[in-house]
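Each chain, written out:
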Amino acid sequence: MDTLADYLVFAKAHQALFVNPPQGGITILLNEDEIREAEKQETQRLEAQGLPAEWARVGIAYRDQYILLLRDAVRFPDGSLGTCIRSVDEHEHAPGVVVFPLHQGQVLLIRHFRHGTRAWHLEVPQGFGIPSLSSEETIRLELQQEISATVSRLIPLGQVYLDTRSGASSVELFFAEIASYGDVELQEGIVELLPTPLSEVERMIREQEIDNIFLLVTYARAKLHGLL
């Protein structure tokens, strides 16, 4: 856990991460006296539950090459003080991308092993944003790399956040009509491409055989846009 001084230096260098919207909500506190009072009130709540007081300490809670967790002092809408933890990205990145790919009435699903769940999942192609490319260019590249696909029509479906509670990154959603596709790229746990009739995908969603949130959201957006 970094010191409060380190946290305040970080806040000064990354002011966009500490903006308080004019309409209120949960307000981040950067005044040291208010921070100490917020820590005090949070400590009381934690100790009442038999939890460690150190969990109230404001600062950079954790940091490595992948994750940066901040614990902020905050004022809640009812006026009480406390702390909240969130995941942030100190570097500017392009949004991630996800696409619902349809080829002649079949959805091009991929079977992907995910280390986080230690399980196989049915998914649609997705990837990290590339700062030098637009989201449209990135998803075309992702389709070409993952399933050797060429796109005849690409339609944006808007943006979603991975987790609004923690402040995690946003993702741009797309629907794609695929002109052609080839073999799957055997990398990062992807083992096979499964062209699946849309009706079968809908059955799998209904019966909870599909549990990937990006597939579910892109399907819902495409359906509501009249694309399916």
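Criteria and thresholds
- Residues numbered from 1 in each chain as written.
- Predicted model: local features only at pLDDT ≥ 70, side-chain atom pairs only at ≥ 80, totals over all residues.
- Heavy atoms only, no water.
- Core = buried A, V, L, I, M, F, W, Y, C linked by side-chain atoms within 4.5 Å.
- Buried < 20%, exposed > 50% of the residue type's maximum accessible area, 1.4 Å probe, protein only.
- Helix = DSSP H or I, 4+ residues; strand = E, 2+ residues; numbered from the N terminus.
- Axes fitted to C-alpha atoms, helices over the stretch in contact; angles between N-to-C directions.
- Parallel < 35°, antiparallel > 145°, perpendicular 65-115°, else oblique.
- Left-handed = near helix turned anticlockwise from the far one by under 90°.
- Contact = heavy atoms within 4.5 Å.
- Nonpolar A, V, L, I, M, F, W, Y, C, P; charged D, E, K, R; others polar.
- Salt bridge = Lys/Arg side-chain N within 4 Å of Asp/Glu carboxyl O.
- Polar contact = N/O pair within 3.5 Å; in protein donor to acceptor, adjacent residues only side chain to side chain.
- Pairing = 2+ DSSP bridges.

Time to look at the nonpolar core. Counting 22 residues, the largest nonpolar core has Phe100, Val107, Leu109 and Phe175 as the members making the most contacts within it. Broken down by secondary-structure element, the contributors of at least two residues to this core are strand S5 (96-103), strand S6 (106-114), strand S9 (150-161), strand S10 (170-180), helix H4 (198-206) and helix H5 (213-224). Considering each element in turn, this core owes the most residues, 4 residues, to H5. Ranked by size, the runner-up nonpolar core spans 17 residues in total, among them Tyr7, Phe10, Phe18 and Ile60.

Let's shift gears to the packing of H4 against H5. At a closest axis distance of 12 Å, the pairing of H4 and H5 adopts a crossing angle of 125 degrees. Taken together, the axes of H4 and H5 are oblique relative to one another. For the pair H4 and H5, the sense of crossing is left-handed. On H5, the residues that touch Leu198, Glu202 and Ile205 of H4 are Leu215, Leu216, Tyr219 and Lys223. In terms of residue class, the contact of H4 with H5 is made up of 5 nonpolar, no polar and 2 charged.

Residue placement: threonine 83 occurs in strand S4 (residues 81-87). Take threonine 83: its relative accessible area is 11%, and that puts it in the buried class. Once residues lying within four places of it in the same chain are set aside, the contact partners of threonine 83 are Ala38, Glu42, Trp55, Ala56, Val58, Arg71, Asp72, Ala73, Val74 and Phe76.

Should their charged atoms come close, side chains of opposite charge can pair. Considering all chains together, one arrives at 11 salt bridges under this definition. With a shortest N-O distance of 2.8 Å, glutamate 177 and arginine 153 are connected by a salt bridge. Of the two residues, glutamate 177 sits in strand S10 while arginine 153 sits in strand S9, which places them 24 residues apart along the sequence. On the accessibility criterion, arginine 153 (36% relative accessible area) is partly exposed. Each of Glu200, Arg203, Glu207 and Glu209 takes part in salt bridges that share partners, so that together they form one network.

With respect to the element layout, glutamate 123 can be found in strand S7 (residues 119-123). There is a polar contact of 3.2 Å between the side chain of glutamate 123 and the side chain of histidine 112. Of note is the side chain of glutamate 123, whose polar atom sits 2.8 Å from the side chain of arginine 114. When sequence neighbours within four positions are dropped, the list of residues in contact with glutamate 123 reads Leu108, Leu109, Ile110, His112, Arg114, Asn212 and Leu215.

A word on the pairing of strand S2 (residues 59-63). One ladder, built from 4 bridges, connects S2 with strand S3 (residues 68-75); its direction is antiparallel. Within S3, the residue paired with tyrosine 62 across the bridge is leucine 69. The hairpin formed by S2 and S3 contains 4 residues between the paired strands.

Most of S3 sits inside the fold, with 6 of its 8 residues counted as buried. Both strand S1 (residues 27-29) and S3 contribute to a ladder of 3 bridges, which runs antiparallel. By the bridge assignment for S3, isoleucine 28 is matched with valine 74. Examined bridge by bridge, S3 and S4 share 7 bridges and lie antiparallel to one another. The residue of S4 that forms the bridge with arginine 75 is leucine 81. Where S3 folds back onto S4 in an antiparallel hairpin, the turn is made up of 5 residues, including glycine 79, whose phi is positive at roughly 95 degrees.

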